[in-house]
Amino acid sequence: MLQEESDLSLIIAQIVQKLKGSNLYSQLERQAWASLQRPEIKLESLKEDIKRFFKTSGWEKKLQNAVYSELSVFPSPRHPAAPPEHLKEPLAYMRKAQGSWEKRILKSLNSMCTELSIPLARKRPVGEQKELLSKWNEMGTDEPDLSLFRPVYAPKDFLEVLINLRNPNYENGDYLSFRTHLGLIQVPLKVKDIPELKELFVELGLTTGQLGIDDATQVPPELFENEHVRIGQKVLAEQDSAAAQQYVRQGSPTALRAELWALILNISSQPEDILYYEQLKTNVIQHDLLVDSLIYKDVKLTASNDDYYFVFEDYLYQVLLCFSRDTSVLGHFAYNSASPPKSYIRGKLGIEEYAVFYPPNVAPLCFLYHEPSKLYQIFREMYVRFFFRLHSISSHPSGIVSLCLLFETLLQTHLPQLFYHLREIGAQPLRISFKWMVRAFSGYLATDQLLLLWDRILGYNSLELLAVLAAAVFAFRAVNLMEVTSLAAAEAVLADLSTLKVMPLLQIFLFATVT
């Protein structure tokens, strides 16, 4: 009990400290001083009167939302005697593996710089700055020669690193219960079983209304959809982040999704946010990074050729280029097993104010937000809350290692015949599903289905649904997969996910599976 109280006091102190450095704190301070001029504020009841003023004026709600937002990303309390690196990742072998992976990426970047005789970062000449500024809103029309640039790594490279992960404490195979796991991931992490997943995702049950199922054309809208929209409008009127997060567990109506996600992520377009975005844009204009060419190439190879996303090509460049300059993203490395690689402007080696940091899928968000600064804020928050976990090695339940293990465990436990068949023919299921999970299914599902999936990720503050959906896809295509005789044939069966309906798949797999 005393330990719990101590942990809570520590969390409160850290959140208060963080909020003191925020713009909200300054606004609250100004409002408190201004309220002293109001006739209803009495000296003898000053504290209670100001608290009442904050409540009636809506500032209390803004403060609650800010605290709730911090709690959503706050790392689990650690033992007081634990070293600082435990906050990033408690398992030493995971930290070591992440460090080795980072060195490999940096080595790849540095060798590319050496081969192409280009710096990691340089200041653009004035003429080049003017040219980039003039075509800022039409960067998609630019066709730079990127043939010499190669991707730093592919998903399959990352998967191989995860496959080779081992806990040195179990090197001798003395962890008997884990030896029954026949998948590619061989680390003993605790992942949820179907009953635990049912308990976590209880709102996805068969008796609860769901957007993605109950708004289908054959279901009269008055049975669910109309009432769900009305409740959504009320949640937005209340401006309550916690209520919004609970609400989107049943899906978000298309017309309300942009506002609901912004409310959950505690994002509002303040003048200072727009100014900050413009500062990042200026940084892009002034400095050229090696990562810029890699971003160009990645967008050209993916979104530019995608039927859904090609129209947003200019937005993608703007957001990703700004993201690569945003040092506020560095804050998430406090609870991320990764560490930010950095470079220096040529000739300024070691001078910290000339350091350029390289923080590690924005395209679906372009359907919701058309103002670049708002789009940028949403993407940044989605990344530092969720997506960074898909690109770093950690033991977190929403980390990519745990997701891979959860996927394989679900498949081996509930579809053993299919799992063993694919394994025997050299088509380990994870080799197919890994690219879906590492990209949060972006580029694989139809956009409306992807947004319904991401509604639930936000609603449950968890990425575990990615593994559940991957297993559900295999279950859905099980009959066809039992007939294949090679990895190539299995990949062909699962090549096109664009016609799948996410919510029926998740419901059937979670709540119609015999446990």
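Residues numbered from 1 in each chain as written. Predicted model: local features only at pLDDT ≥ 70, side-chain atom pairs only at ≥ 80, totals over all residues. Heavy atoms only, no water.

A. Structural context of the overall build of the chain. Of regular secondary structure, the chain possesses 24 helices and 4 strands. A total accessible area of about 25,400 Å² is found for the chain, and carbon and sulfur atoms account for 55% of it. (Helix = DSSP H or I, 4+ residues; strand = E, 2+ residues; numbered from the N terminus. Areas by Shrake-Rupley, 256 points an atom, 1.4 Å probe, with all protein chains shown as cover.)

B. Expanded view of the side chain of Ser-433. Secondary-structure assignment places Ser-433 in helix α19 (residues 429-438). The exposure class of Ser-433 is buried, given its relative accessible area of 0%. With residues near it in sequence (within four places) discarded, Ser-433 still touches Phe-407, Ala-470 and Phe-474. (Buried < 20%, exposed > 50% of the residue type's maximum accessible area, 1.4 Å probe, protein only. Contact = heavy atoms within 4.5 Å.)

C. Structural context of helix α15 (residues 313-323). Of all 11 residues that make up α15, 9 are buried, and the element is covered over most of its length. Here α15 has its buried residues at Glu-313, Leu-316, Tyr-317, Gln-318, Val-319, Leu-320, Leu-321, Cys-322 and Phe-323. Buried residues in α15 make contact with α13 (271-286), α14 (290-301) and α16 (372-385).

D. Region of interest: the packing of α14 against α15. The interhelical angle for the contact between α14 and α15, taken along N-to-C directions, is 150 degrees, at an axis separation of 10 Å. On the basis of the axis angle, α14 is roughly antiparallel to α15. Here α14 and α15 pass one another in a crossing that is right-handed. Judged by residue contacts, Asp-292, Ile-295, Tyr-296, Val-299 and Lys-300 of α14 engage Glu-313, Leu-316, Tyr-317, Leu-320 and Leu-321 from α15. Looking at the contact of α14 with α15 residue by residue, the classes come out as 7 nonpolar, no polar and 3 charged. (Axes fitted to C-alpha atoms, helices over the stretch in contact; angles between N-to-C directions. Parallel < 35°, antiparallel > 145°, perpendicular 65-115°, else oblique. Left-handed = near helix turned anticlockwise from the far one by under 90°. Nonpolar A, V, L, I, M, F, W, Y, C, P; charged D, E, K, R; others polar.)

E. The arrangement of the pattern of salt bridges in detail. Within the structure shown, the criterion is met by 19 salt bridges. Glu-160 is paired through a salt bridge with Arg-431; the nearest N and O atoms lie 2.7 Å apart. Under the relative-accessibility criterion, Glu-160 is labelled partly exposed at 32%. Among the residues examined, Arg-431 registers a relative accessible area of 34% and is labelled partly exposed. (Salt bridge = Lys/Arg side-chain N within 4 Å of Asp/Glu carboxyl O.)

F. Representation of the packing of aromatic side chains. Counted according to the given criterion, the structure contains 16 aromatic pairs. Centroid distance Tyr-296 to Tyr-317: 4.7 Å. Interplanar angle 40 degrees. Geometry classified as tilted. Of this pair, Tyr-296 sits in helix α14 while Tyr-317 sits in helix α15, and the two are 21 residues apart along the sequence. Where Trp-436 meets Phe-441, the ring centres are 5.9 Å apart and the plane angle is 35 degrees; that geometry is what we call tilted. Take Trp-436: its relative accessible area is 1%, and that puts it in the buried class. Each member of the aromatic cluster is reached from another via a ring pair, and the members are Trp-101, Tyr-153, Phe-158 and Phe-434. (Phe/Tyr/Trp six-rings, centres within 6.5 Å; stacked < 30°, edge-to-face > 60°.)

G. Seen up close, helix α12 (residues 254-264). Among all positions of α12, only Leu-256, Arg-257, Leu-260, Trp-261, Ala-262, Leu-263 and Ile-264 are buried. Contacts made by the buried residues of α12 are with α4 (59-73), α10 (225-238), α11 (241-247), α16 and α20 (447-460). Positive phi appears at Asn-266, one or two residues downstream of α12, with a value of about 55 degrees.

H. Molecular detail of the layout of surface pockets. Here the second largest pocket is characterised by a volume of approximately 1,400 Å³. Taken together, 41 residues make up the lining of the second largest pocket; nearest its centre are Leu-265, Asn-266, Ile-267, Asp-273 and Glu-381. Secondary structure elements with two or more residues in the lining of the second largest pocket: α1 (2-20), α2 (23-35), α4, α10, α12, α13 and α16. A total of 8 residues in the lining of the second largest pocket trace back to one element, the largest contributor, which is α4. Three or more residues apiece are contributed to the lining of the second largest pocket by two domains, here domain 1 (1-72) and domain 2 (93-152 + 268-390). (1 Å grid on protein atoms, 1.4 Å probe; cavity = no way out; pocket = protein on both sides within 12 Å on 5 of 7 lines; lining within 4 Å. Points joined across faces, edges and corners; volume = space filled by probe spheres on them. Domains from an automatic or database assignment.)

I. Quick look at unusual backbone geometry. For Ser-117, which is not glycine, the phi dihedral falls at a positive 55 degrees. Positionally, Ser-117 belongs in the loop between α6 (92-116) and β1 (121-123). At Phe-441, a residue that is not glycine, the phi angle is positive and equals roughly 70 degrees.

J. Quick look at the confidence of the model for the chain. Averaged over the chain, the pLDDT score is 83; the fraction of residues at 70 or greater is 85%. Taken element by element, the chain is modelled with least confidence in strand β4 (residues 355-357), mean pLDDT 40, and with most confidence in helix α21 (residues 464-476), mean pLDDT 97. Counting contacts from residues 343-360, a segment whose pLDDT is below 50, to residues more than four positions away or on other chains yields 46 contacts. (pLDDT = per-residue confidence, 0-100.)

K. Examining the packing of α13 against α15 more closely. Direction vectors running N to C along α13 and α15 enclose 85 degrees, while the axes themselves pass 9 Å from each other. With respect to each other, α13 and α15 are oriented roughly perpendicular. Together, Tyr-277, Leu-280, Lys-281 and Val-284 of α13 and Gln-318, Leu-321 and Cys-322 of α15 make up the contact between the two elements. Here the residues of the contact of α13 with α15 are counted per class, giving 5 nonpolar, 1 polar and 1 charged.

L. Representation of the environment of Phe-158 within the structure. Tracing the chain through its elements places Phe-158 in helix α8 (residues 155-163). On the basis of relative accessibility, which here comes to 0%, the residue Phe-158 falls in the buried class. Separated by 57 residues in the primary sequence, Phe-158 and Trp-101 have C-alpha atoms spaced 8.4 Å apart.

M. Up close: the environment of Ala-490. Within the fold, Ala-490 resides in helix α23 (residues 487-493). Sequence-wise, Ala-490 and Asn-480 are 10 residues apart; in three dimensions their C-alpha atoms are separated by 8.5 Å. Leave out the neighbours within four places in its chain, and Ala-490 touches Leu-422, Ala-427, Ile-432, Leu-481 and Val-484.

N. Structural context of the environment of Gln-250. Relative to the helices and strands, Gln-250 resides in the loop between α11 and α12. When the C-alpha atoms of Gln-250 and Ile-213 are compared, they prove to be 10.0 Å apart, with 37 residues separating the residues in sequence. Residues in contact with Gln-250, not counting those within four places in the same chain, are Thr-208, Gly-209, Gln-210, Leu-211, Phe-224, His-228 and Arg-456. Side-chain polar atoms of Gln-250 contact the backbone oxygen of Gly-209, separated by 2.9 Å. (Polar contact = N/O pair within 3.5 Å; in protein donor to acceptor, adjacent residues only side chain to side chain.)

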